Amino acid sequence: MKNILLIGADGQLGSELMKIKDSLSGYNWETTTIKNLDVCDKEKVKEKINSKPFDYIINCTAYTAVDKAESDIDTARAVNATALEYIGTYSSVNNIKVIHVSTDYVFDGTAHIPYTEDTATKPNGAYGLTKLEGENALMKSNSNSIILRTSWLYSEFGNNFVKTMIKLGKERDELGVIYDQIGSPTYAADLAQAIMNIIKVCENDNSKFIPGIYHYSNEGVASWYDFTLAIHEICNISCNVKPIETKDYPTPAPRPNYSVLNKGKVKNTFGLEIPHWRESLKKCIARLSQ
Ligand SMILES: NC(=O)c1ccc[n+]([C@@H]2O[C@H](COP(=O)([O-])OP(=O)(O)OC[C@H]3O[C@@H](n4cnc5c(N)ncnc54)[C@H](OP(=O)(O)O)[C@@H]3O)[C@@H](O)[C@H]2O)c1
């Protein structure tokens, strides 16, 4: 039996992995949440990683409060960056492969074509900056790491845009939603499945675990406005959704106007097939309605 350590098992992505983890035969899973492993506690991280011969660590922890991070960068940095130094250092000593998740917010959003892994990063805010620092800390401390940058994550778990738009759409007759930020919504269940598929691909051949940064989102692009229309259409919500500009919805952290990720590398390297965001949205909403 091989061993996987899943850290951050009760976030959106962690919860989706928990749902499907047993579909991967031949692996024992150990899972942690902040309640039994605070990734900012260096000694505890060391102890946990040293406790078993883990083959993989999947890190789903993050400080994801994008606006709050602007006034609380120390906490954001501790979770998103310094903890990656700890995870990277102790996993490297034990020869453990790491799969970590990062964000489209490492880019400033001024591009007009999808970002590749080689595009220069330039985060707009504290969240993106600390996530970028975490990428660098992990790559530096454990050269056997895969980092999956993703975007606009939602799921049936936790709080997210899909749930908010369903709630607001039911409560209000009219809603203004930003139309000048373009990205790719990503169903966390698809990302979780992609992580499982990467592990399966590498199962019998370690050389297939090619370290580095990869971009993963669902196929297709949308503005938040388009995304909201689709959510309401699928849920049969009749709310008058109006397109508004970013300047009319100021937030403490500036968002990238364009953050579409080019997924060619992850598809070619691991043979992944990625669903279109609209199909995945239907699946998520069907699960939410159950
Ligand atoms: N959400 C998005 O739209 C989005 C977009 C692009 C990329 N990403 C990235 O995708 C990954 C997964 O995101 P997600 O949406 O699943 O995040 P999430 O739902 O916010 O989950 C993050 C988890 O990390 C935990 N955590 C926070 N601080 C911790 C600490 N000190 N020690 C241990 N656990 C801690 C949180 O616990 P508590 O809830 O108890 O604090 C939560 O369970 C993250 O790397 C994120 O940066 C997310």
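**Student:** Would you mind going over the overall build of the protein chain in detail, with residue names and values included?
**Tutor:** Regarding its fold elements, the protein chain presents nine helices and 12 strands. Taking 290 residues into account, the globule formula puts the C-alpha radius of gyration at 19 Å, and the protein chain, at 19 Å, falls close to it. For the protein chain, the C-alpha atoms occupy an extent of roughly 55 × 40 × 35 Å along the three principal directions. At a minimum sequence separation of 6, the contacts of the protein chain that also span at least 24 residues come to 84%. Put simply, the protein chain shows about 13100 Å² of open surface, and 48% of that area lies on carbon and sulfur atoms. In the protein chain, 32 positive and 35 negative side-chain charges are present, and the distance between their average locations comes to 3 Å.

**Student:** An account of the site of the ligand is needed here, citing residue identities and associated values.
**Tutor:** Around the ligand sit 24 residues, and of these Asp10, Asp38, Thr64, Tyr127 and Lys131 come closest. In this structure, an oxygen atom belonging to the ligand sits 3.1 Å away from a main-chain N or O atom of Val101. Here an oxygen atom of the ligand and a side-chain polar atom of Tyr127 are 2.7 Å apart. The protein chains hide 79% of the 900 Å² of surface that the ligand would expose on its own. Among the elements of the structure, helix H1 (12-20), strand E4 (97-103) and helix H4 (126-141) are those that each provide at least two residues to the shell around the ligand. The biggest single contributor to the shell around the ligand is E4, with three residues. Split by residue class, the shell around the ligand holds 12 nonpolar, eight polar and four charged.

**Student:** Residues and numbers for the nonpolar core, please.
**Tutor:** Core analysis: the largest hydrophobic core is formed by 32 residues, its most contacted members being Leu13, Leu17, Ile58, Leu148, Ile195 and Ile199. Residue assignment for this core shows that the elements contributing at least two residues are strand E1 (2-7), H1, strand E2 (27-32), strand E3 (56-59), E4, strand E5 (145-150), helix H6 (188-202) and helix H8 (264-270). The element best represented in this core is H6, accounting for nine residues. With residues up to four places along the chain from it excluded, the contact list for Ile199 reads Ile4, Leu24, Tyr27, Tyr56, Ile58 and Ile99. If you look at the next biggest cluster of nonpolar residues, it comprises 28 residues, including Leu5, Ala69, Ala137 and Ala253.

**Student:** Give a detailed account of the packing of helix H5 (residues 161-171) against helix H7 (residues 224-234), specifying residues and quantitative values.
**Tutor:** Across the interface, H5 lies against H7 with an axial gap of 10 Å and an inter-helix angle of 65°. The two elements H5 and H7 cross, and the hand of that crossing is right-handed. Listed contacts from H7 to Phe161, Val162, Met165, Ile166 and Gly169 of H5 are Trp224, Phe227, Thr228, Ile231 and His232. Across the contact of H5 with H7, the residue classes tally to seven nonpolar, three polar and no charged.

**Student:** An account of the state of the cysteines is needed here, citing residue identities and associated values.
**Tutor:** Applying the stated criterion across every chain, the model contains zero disulfides. Among the cysteines around Cys60, which has no disulfide bond, Cys40 carries the closest sulfur, lying 16 Å off. Cysteine Cys235 shares no disulfide, and the gap to the nearest cysteine sulfur, in Cys284, comes to 9.3 Å. Here Cys235 falls in the partly exposed class, since its relative accessible area comes to 22%.

**Student:** Report on the sheet that holds E5, specifying residues and quantitative values.
**Tutor:** If you trace the six strands from one edge of the open sheet to the other, you get E2-E1-E3-E4-E5-E10, paired in parallel fashion. Lying at the two open borders of the sheet, with one neighbouring strand each, are E2 and strand E10 (212-215). For this sheet the average axis-to-axis angle between neighbouring strands, irrespective of direction, equals 20°. Pairing of E3 with E4, which is carried by four bridges, proceeds in the parallel orientation. Paired with Asn59 across the bridge in E4 is His100. Here H1 sits on the sheet in contact with E1, E2, E3 and E4, set at roughly 150° to E1. Strand contacts of H4: E4, E5 and E10, with the helix running at about 160° to E4, the strand carrying the most contacts.

**Student:** Please provide a residue-by-residue account of empty space enclosed by the protein, values included.
**Tutor:** Over the atoms a probe the size of a water molecule is rolled, and this reveals where empty space is left. Counted by the stated rule, this structure contains two cavities of 30 Å³ or more. For the largest cavity, the calculated volume is near 40 Å³. Every residue along the wall of the largest cavity is listed here: Val66, Tyr105, Asn124, Gly125, Tyr127, Gly128, Ala253, Pro254 and Pro256. A breakdown of the residues in the lining of the largest cavity according to their chemical character gives six nonpolar, three polar and no charged. Of the volumes computed, that of the second largest cavity is approximately 30 Å³. Taken together, Asp104, Tyr105, Trp152, Gln181, Ile182, Trp224, Arg255, Pro256 and Ser259 make up the lining of the second largest cavity. Looking at the lining of the second largest cavity residue by residue, the classes come out as five nonpolar, two polar and two charged.

Conventions used here
Residues numbered from 1 in each chain as written. Predicted model: local features only at pLDDT ≥ 70, side-chain atom pairs only at ≥ 80, totals over all residues. Heavy atoms only, no water. Helix = DSSP H or I, 4+ residues; strand = E, 2+ residues; numbered from the N terminus. Rg over C-alpha atoms; globule rule 2.2 N^0.38 Å. Contact = heavy atoms within 4.5 Å. Areas by Shrake-Rupley, 256 points an atom, 1.4 Å probe, with all protein chains shown as cover. Lys, Arg positive; Asp, Glu negative; His and termini not counted. Charge placed at Lys NZ, Arg CZ, Asp CG, Glu CD. Near = heavy atom within 4 Å. Polar contact = N/O pair within 3.5 Å; in protein donor to acceptor, adjacent residues only side chain to side chain. Nonpolar A, V, L, I, M, F, W, Y, C, P; charged D, E, K, R; others polar. Core = buried A, V, L, I, M, F, W, Y, C linked by side-chain atoms within 4.5 Å. Buried < 20%, exposed > 50% of the residue type's maximum accessible area, 1.4 Å probe, protein only. Axes fitted to C-alpha atoms, helices over the stretch in contact; angles between N-to-C directions. Left-handed = near helix turned anticlockwise from the far one by under 90°. Disulfide = S-S within 2.5 Å. Pairing = 2+ DSSP bridges. 1 Å grid on protein atoms, 1.4 Å probe; cavity = no way out; pocket = protein on both sides within 12 Å on 5 of 7 lines; lining within 4 Å. Points joined across faces, edges and corners; volume = space filled by probe spheres on them.

Functional significance is not addressed by these values, which are geometric in nature.
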